[in-house]
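Descriptive analysis of the structure
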2 protein chains.
Amino acid sequence: MTVSVSLPQGVEEPEGLVDAVLAYETALMSDDVAALDAAFAPGASTLRGDATGLLVGHDAIAAFRRGRGGAPQRQLLALHVRPVDADNALVVAEVAARRGGRGLQTQLWRRDAELGWVVSAAHVSAPAPAVDARIWRTVGTPLVAPHGDGVLDGVGIAVKDLFELKGFALGVGNPTFLATSKPAKRTAPALEALLKAGAHVTGIAQTDEFAYSIAGANAHYGTPPNAAVPGALPGGSSSGPASAVANGQADLGLGTDTAGSIRVPASYQGLWGLRPTHDAVSLDGVWPLAPTFDTVGWLTRDPATLHNAVEATLGATEQRLAPEFVVAPSLRRDLDAEVLEAFDASVARFSPAEVDIPEPDELLTIFRTIQPAEAWKSDGEWVAANPGTLGPGVRERFEIAQGMSSTSEAAAREAMAVARERLDSILGDRILLLPSASSAAPSALASAEELEAVRGATLRLCSVAGVAGRPALSVPVLSATGPAGRPAPLGLCLVGPRGSDLALVELAADLFS
Amino acid sequence: MTVSVSLPQGVEEPEGLVDAVLAYETALMSDDVAALDAAFAPGASTLRGDATGLLVGHDAIAAFRRGRGGAPQRQLLALHVRPVDADNALVVAEVAARRGGRGLQTQLWRRDAELGWVVSAAHVSAPAPAVDARIWRTVGTPLVAPHGDGVLDGVGIAVKDLFELKGFALGVGNPTFLATSKPAKRTAPALEALLKAGAHVTGIAQTDEFAYSIAGANAHYGTPPNAAVPGALPGGSSSGPASAVANGQADLGLGTDTAGSIRVPASYQGLWGLRPTHDAVSLDGVWPLAPTFDTVGWLTRDPATLHNAVEATLGATEQRLAPEFVVAPSLRRDLDAEVLEAFDASVARFSPAEVDIPEPDELLTIFRTIQPAEAWKSDGEWVAANPGTLGPGVRERFEIAQGMSSTSEAAAREAMAVARERLDSILGDRILLLPSASSAAPSALASAEELEAVRGATLRLCSVAGVAGRPALSVPVLSATGPAGRPAPLGLCLVGPRGSDLALVELAADLFS
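Residues numbered from 1 in each chain as written. Chains lettered and ligands numbered in written order. Predicted model: local features only at pLDDT ≥ 70, side-chain atom pairs only at ≥ 80, totals over all residues.

**Quick word on the overall build of chain A**
Looking only at helices and strands, chain A features 14 helices and 18 strands. Considered along the principal axes of its C-alpha atoms, chain A spans approximately 80 × 50 × 45 Å. Put simply, chain A has 513 residues, and 56% of those count as buried. Contacts in chain A between residues far apart in sequence, at least 24 positions, make up 72% of those at least 6 positions apart. (Helix = DSSP H or I, 4+ residues; strand = E, 2+ residues; numbered from the N terminus. Buried ≥ 20, exposed ≤ 12 C-beta atoms within 10 Å, placed from the backbone. Contact = placed C-beta atoms within 7 Å.)

**Looking at the nonpolar core**
Membership of the largest hydrophobic core comes to 250 residues, with the highest contact counts inside it found for A:Leu194 and B:Leu194. The residues contacting B:Leu194, other than those within four sequence positions of it, are B:Leu152, B:Ile157, B:Ala199, B:Leu254, B:Ala309, B:Ala312 and B:Thr313. Membership of the second largest hydrophobic core comes to 64 residues, among which are A:Val21, A:Leu47, B:Tyr24 and B:Leu47. (Core = buried A, V, L, I, M, F, W, Y, C linked by C-beta atoms within 7 Å.)

**Points about the sheet that holds strand β1 (residues 4–6) of chain B**
Residue and element names in this part refer to chain B. Ordered by their spatial adjacency, 7 strands build an open sheet running β1-β4-β5-β6-β7-β2-β3, and the pairing between neighbours is mixed. Among the strands making up the open sheet, the edge pair consists of β1 and β3 (53–56). The average undirected angle you get between the axes of adjacent strands in this sheet is 20°. Of the pairings in the sheet, the one linking strand β2 (residues 47–50) to strand β7 (residues 116–125) comprises 3 bridges and is parallel in character. (Pairing = 2+ DSSP bridges. Axes fitted to C-alpha atoms, helices over the stretch in contact; angles between N-to-C directions.)

**Things to note about the domain arrangement of chain A**
Residue and element names in this part refer to chain A. Along its sequence, chain A is carved into domain 1 (4–125) and domain 2 (132–353 + 429–513). Each of domain 1 and domain 2 has a C-alpha centre, and the two are 39 Å apart. In this complex, domain 1 contributes 4 residues to the contact, which on the side of domain 2 involves 4 residues. Tallied by class, residues from the side of domain 1 that touches domain 2 come to 1 nonpolar, 3 polar and no charged. (Domains from an automatic or database assignment. Nonpolar A, V, L, I, M, F, W, Y, C, P; charged D, E, K, R; others polar.)

**Re the environment of B:Pro230**
Here B:Pro230 lies in the loop between β10 (200–205) and α6 (239–246). If we skip the residues at most four places from it in the chain, B:Pro230 touches B:Thr52 and B:Gly53.

**A few points about the interface of chain A and chain B**
In this complex, chain A contributes 55 residues to the contact, which on the side of chain B involves 55 residues. Its residues placed into classes, the side of chain A that touches chain B shows 27 nonpolar, 20 polar and 8 charged. Direction of pairing for strand β8 (residues 136–144) of chain A relative to strand β8 (residues 136–144) of chain B: antiparallel, over a ladder of 3 bridges. Looking at the pairing, A:Val139 lines up with B:Val139 of β8(B).

**Observations concerning the confidence of the model for chain A**
Averaged over all residues, the pLDDT of chain A equals 96, while 100% of them reach at least 70. Reported confidence for the predicted complex is 0.94 by ipTM and 0.96 by pTM. (pLDDT = per-residue confidence, 0-100.)

**Things to note about the relation of the copies chain A and chain B**
Aligned on chain B, chain A shows an RMSD of 0.1 Å; the corresponding rotation is 180° and the shift along the axis is 0.0 Å. The superposition operator between the copies reduces to a two-fold rotation axis. Comparing interface residues between copies, 100% of those in chain A also lie at the interface in chain B; the contact surface is shared. (Least-squares fit on C-alpha atoms with pLDDT ≥ 70 in both.)

**Some points on helix α1 (residues 17–29) of chain B**
Here α1(B) contains 13 residues, and its C-alpha end-to-end distance of 19 Å stays within 8% of the 18 Å for a straight helix at 1.5 Å per residue. Immediately beyond the C-terminal end of α1(B), within one or two residues, lies B:Asp31, with a positive phi of roughly 50°. (Expected span 1.5 Å × (residues − 1).)

**Describing unusual backbone geometry**
Going from A:Gly236 to A:Ser237, the amide bond is cis rather than trans, its omega being 5°. In this structure, the amide linkage connecting B:Thr141 to the following residue, B:Pro142, adopts the cis form with an omega of 0°. As for its position among the elements, B:Pro142 is in strand β8. Notably, A:Ser351 is not glycine yet its phi reads approximately 40°, a positive angle.

**A few points about the sheet that holds strand β5 (residues 88–97) of chain A**
Residues and elements named next belong to chain A. As summarised here, the arrangement of the 7 strands in space is β1-β4-β5-β6-β7-β2-β3, forming an open sheet in which the pairing is mixed. In this open sheet, the two strands that pair with only one neighbour each are β1 (4–6) and β3 (53–56). Averaged over all adjacent pairs, the angle separating strand axes in this sheet is 20°, with direction ignored. As paired strands, strand β6 (residues 102–112) and strand β7 (residues 116–125) are joined by 9 bridges and run antiparallel to one another. If you follow threonine 106 over to β7, its bridge partner there is histidine 123. Docked against the sheet, helix α1 (residues 17–29) engages β1, β4 (74–85), β5, β6 and β7, running at close to 145° with respect to β4.

**Focus on the pairing of strand β11 (residues 252–257) of chain B**
For a regular strand, side-chain orientation follows a simple rule: the groups alternate between the two sheet faces. All names here are of chain B. Within β11, 6 of the 6 residues are buried, which leaves the element mostly enclosed by the surrounding structure. With burial as the criterion, each face of β11 is covered, one bearing Leu252, Leu254 and Thr256 and the other bearing Gly253, Gly255 and Asp257. Looking at chain direction, strand β9 (residues 156–160) and β11 are connected through 3 bridges and run parallel. By the bridge assignment, isoleucine 157 is partnered in β11 with leucine 252. Pairing of β11 with strand β13 (residues 295–300), which is carried by 6 bridges, proceeds in the antiparallel orientation. Within β13, the residue paired with leucine 252 across the bridge is threonine 300.

**Description of the environment of B:Val155**
Residue and element names in this part refer to chain B. Checked against the element boundaries, valine 155 lands in the loop between β8 and β9. A tally of 22 C-beta atoms within 10 Å means that valine 155 is categorised as buried. Valine 155 sits 45 residues away from histidine 200 along the chain, and the two C-alpha atoms are 6.3 Å apart. Once you skip the residues sitting within four places of it in the chain, valine 155 turns out to touch Gly198, Ala199, Asp251, Leu252 and Thr305.

This is how it looks when you write it as structure tokens:
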């Protein structure tokens, strides 16, 4: 390995520094985690950052290393050494990636009396892939041009891979499904409405398999990065559109929300997200999960784009919603004190009335009976014919779905009709406020048990709008503790009367921008 | 603007540092170039890097700023201040891009007795776009799956936007052309052969308009970045495939070479590139420029992948080429001493015989008469029907092409037959060595006059293989001075006997790996 070393004219190379840099490089290339940990300064103020975010503290950096499974192979080309004083120096390394492309690494080294040279801060840039396969399946510049002019001129859409797009096969988050899928003969009307209003398709974005998850992971394509919280799950199942929008790679995410698949990723990544009134938007050309609850929905960074997307889809409205808000103490059960405090502080100014939503667990049970029964009707035939093709979590849920009895399904449908009527009489035209999710985004390294607990608590919140068929808007105004103790976004959810979709966005835009 | 500032426990904030950081940010957001220049330490050792490369010295950084036209709008979220000593501190800033996504900026600040706080080194990461539109038109993961298994398993292809690909419209580097193009009904056989051997299509990559340039710029989509030389032209017209391969975003570039469109980008970006024997590879489904010279060609980072691509296309061979090399003093005219020195040093070990290629300018004239005449036959109708749609350079070349007389074309064809016979008798089965281009990649900011001079000198070299119809392999083993005085790659070109394509690659792989 020949590497050129340059210093400012007349400046001596600090003794042992270049050797320490080369030893670090050797440890990095062999993923010698112990040596890498030892090369970084101990303590809470050590820094390590890259395009995906900044890690603060030796422990966080060490944990990242253990989860990474080795750095991409590379070769040092040049070291630019800039001594600060006798015991501190900045070293900027130009590197060539084994797989092509150049990278850059900046490290601040300090000579410790006991440890020798150690890194106190590092910033790494690796060459970008053609496309982030965790977020996208297919991308263009644009992939599909607008079909008209309008309020969405210049807006790039990340389309969840559940929507038919003329000329492209449907993937529904599963490569086996994709491989036998034929190019679609038409574009789903919900997408066509956006294209007619001037938007273009940036690309087809990843989804949790068959949209049957709210975590945002995909065993085949990887977990899309949470743009707001490094190392956290993105939320799903509209995970690709949400990460694309939060990362600035698209302006509008077109997704679906059955159990929270718009609201949860919006909450986890600090986006605006609307699940509209059930049946308000055509689901033609959208792969079904559970039609009793399925909705098309949108994700944006700002309320104006969301407004324009809803208007392009549903038409303009004269309707105005009165700012009459309610909260339901029964929904507070199982929520962390921190989440409740943030929620209370945010909604206090609306002086919300308290309403009694009895037995929210019953709503959850209704949801958790009908949804799997319908999911099996939607996908059971394919799942049964293609054993071994589903990732963990989704596989288990389809196993449960297969066993759902028609008797309990029928009972749940009766209970749902009663519950919806009861919710209508309780809420009327008022707006129910609740957190969009039970917590900030969990760590991408969380255990299956932790995720199942988060899933249960969040579905419980989401099932209110699901059973009521009411529109639910997630507004990025709360905050809670995310992975590694750093602050992370959390959504405030506004559940409005059925048919109030655009008015709900307009009211929230007034109140929260 | 509220920004959180954190320091290690018990450490004081250096006086005036955060104010200096905030003032820098204000200057950056208003593109106050004078203030930004003043905020960076003067001298040759100041550093500024990002994912595209490292700039060394205050002058290079200042020039970059003047060419950039402002940084993307962003907001500081958090400053992590790490004082090194009383007069030096590292500041790592987490930033939120206005268009979504997070960025990271590391700066080493120094308190100068006269200048106050100045930046002596900076490293910036901005959020990545969904896809680099300068390199790609459409990308997938993959865009098209393999059609078989073979020597190209796992190899991702960047396909120049001149090749028909079933289901996708052809763009030929011009958005007006693309807009009226229909999805292709078949895939070009030259591409199909690669897919059958196990390769997949990563994406459709950009080309200079109608492939009528060797610079690598495109007025509509931007200039693809040169992965080897920050700030330099990528070389064209197979610019997108070359940048994709050099950046590690694809493994194999499928392009065309009429006047040097494989050899020049290979030379400029340090790649292996083969222009095969004229007529050896089917041009069915490939948009023509000048059929007398048009060839399909390949770009790779390594000789093995190139070998496999050629073998998958043309079949295996038992042929072995004797390592008999020649050089032609008449081709040295107009080349820089530096290029000649690098060339001589590299070929000395082959003890090449000298041959007399008389009148290389005549070869260039033949080329420059037939190529435009045929280019007008290929594209003149479209160009005439779509005025105002071509970028500079290409537009002027089509104007010249339109005026080419059939008399001079006929004379050039007669001269070409004579010249080819003469070249065959001079070269026989020996391999002609010459530089692939007249210089390393010019700066992307070079004037039209500079580029025209480079174009002339390089076409003169390239027209030998063009007129002879012989295969020409560019091998990345030379180096010359690139923009900003830094070393940059240059190709060594091996022109072999017609039909020796795979044997030529095998010989070069033996000699140069």
